[in-house]
Each structure stands twice: as C-alpha cells, then as structure tokens.
Amino acid sequence: QVQLAESGGGSVQAGGSLRLSCAASGSIFSINAMGWYRQAPGKQRELVAATTNGGSTNYADSVKGRFTISRDNAKNTVYLQMNSLKPEDTAVYYCNAVIRLTTRATSDYWGQGTQVTVSP
C-alpha cells in the first residue's frame with residue numbers, strides 16, 4: 001500500500017532550527033494534500049501546516065512566520081522547515097497525506113511520528 005517515512009526530528013535549544021522530511025512511497029497514483037500535525041503530552045493532535053497539490057498552504061497561527069512547509073512532487077516528499085523554535089513547539093510531529101492509490105481509491109495516511117524537543 002503506502003508508507004510515510006519521516007525524518008529530521010531531534011532536540012534543539014530555543015531559537016534553533018530543525019527540518020522535518022516525509023517521503024511517501026507505495027501504490028501512489030497522486031497525492032492530493034500533505035501536511036504536518038503535532039501532539040504534545042496531554043494535548044490533542046493539532047494541524048501545524050498543510051499544502052495541496054495546487055500549491056496552497058495553511059498554517060497554525062502559532063507557527064506563522066516561523067515554519068515553512070514545502071513539497072517536492074517529483075519525490076512525493078513534504079518538508080517542514082522550523083525556525084525560531086520555542087519550548088512550546090515540543091511535541092511528536094506526524095506527517096499526513098491524502099493519497100489516491102493506483103486502484104483509484106483515496107485514503108488518509110499517517111507517518112509514525114518524530115519527536116521534536118525544544119529546551120529553554
């Protein structure tokens with residue numbers, strides 16, 4: 001079927017930067033949208049940023065001006081450049097993709113999650 005492979009998480013000090021990557025592979029016909037969500041301990045999963053195959057983007061208010069989502073359609077990969085990180089950005093970050101399979105069915109897929117920890 002489809003796999004989403006995430007990379008790039010880690011630990012940084014406040015003000016630092018990290019870049020997350022998520023590559024989709026498998027029986028992919030097309031990818032409608034890709035994005036990043038995060039979940040901090042004791043909190044609900046929330047949208048961080050998303051992008052459609054048309055190039056439009058959407059960001060959570062808390063990350064606007066600091067995070068940038070981009071996509072390489074040829075590689076079925078989405079990136080999240082995170083700058084000026086704050087301790088409140090600490091969470092597990094999940095990649096999400098809405099994918100149309102070669103069977104023409106459309107499904108929602110999630111990565112396994114990558115930990116981002118920002119120390120004061």
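Going by the structure above, here's the rest.
About the criteria used
- Residues numbered from 1 in each chain as written.
- Predicted model: local features only at pLDDT ≥ 70, side-chain atom pairs only at ≥ 80, totals over all residues.
- Heavy atoms only, no water.
- Disulfide = S-S within 2.5 Å.
- Helix = DSSP H or I, 4+ residues; strand = E, 2+ residues; numbered from the N terminus.
- Buried < 20%, exposed > 50% of the residue type's maximum accessible area, 1.4 Å probe, protein only.
- Contact = heavy atoms within 4.5 Å.
- Core = buried A, V, L, I, M, F, W, Y, C linked by side-chain atoms within 4.5 Å.

## Examining the state of the cysteines
Where two cysteines share a covalent bond between their sulfur atoms, that bond is called a disulfide.
Here comes step 1: Tallied over the entire structure, the rule returns one disulfide.
Here comes step 2: The residue that forms a disulfide with Cys22 is Cys95, at a sulfur-sulfur distance of 2.0 Å. On the sign convention where negative means left-handed, the S-S torsion of about -80° between Cys22 and Cys95 marks this disulfide as left-handed. Within this pair, whereas Cys22 is found in strand β3 (residues 18–26), its partner Cys95 is found in strand β9 (residues 91–101), the two being separated by 73 residues in sequence. The exposure classification of Cys22 matches that of Cys95, with both residues buried.

## Things to note about the environment of Leu101
Here comes step 1: When you line up the elements, Leu101 lands in strand β9.
Here comes step 2: Taking the C-alpha atoms as reference points, Leu101 and Phe29, 72 residues apart in sequence, are found 4.9 Å from one another.
Here comes step 3: Ignoring anything within four residues of it in the chain, the contact list for Leu101 reads Gln1, Val2, Ser27, Phe29 and Tyr109.

## Observations concerning the nonpolar core
One recurring pattern in soluble globular proteins is that nonpolar side chains are buried together.
Here comes step 1: Among the nonpolar cores identified, the biggest contains 32 residues, and Leu4, Trp36, Leu80, Met82, Tyr93 and Ile99 are the most heavily contacted of them.
Here comes step 2: At the level of elements, β1 (2–7), β3, β4 (28–39), β5 (46–52), β7 (67–72), β8 (77–82), β9 and β11 (114–119) are the ones that each hand at least two residues to this core.
Here comes step 3: If you tally residues by element for this core, the top one is β9, at six residues.
Here comes step 4: Discounting chain neighbours no more than four positions away, the residues touching Leu4 are Cys22, Ala23, Ala24, Cys95, Asn96, Ala97, Ile99, Tyr109, Trp110, Gly111 and Gln112.

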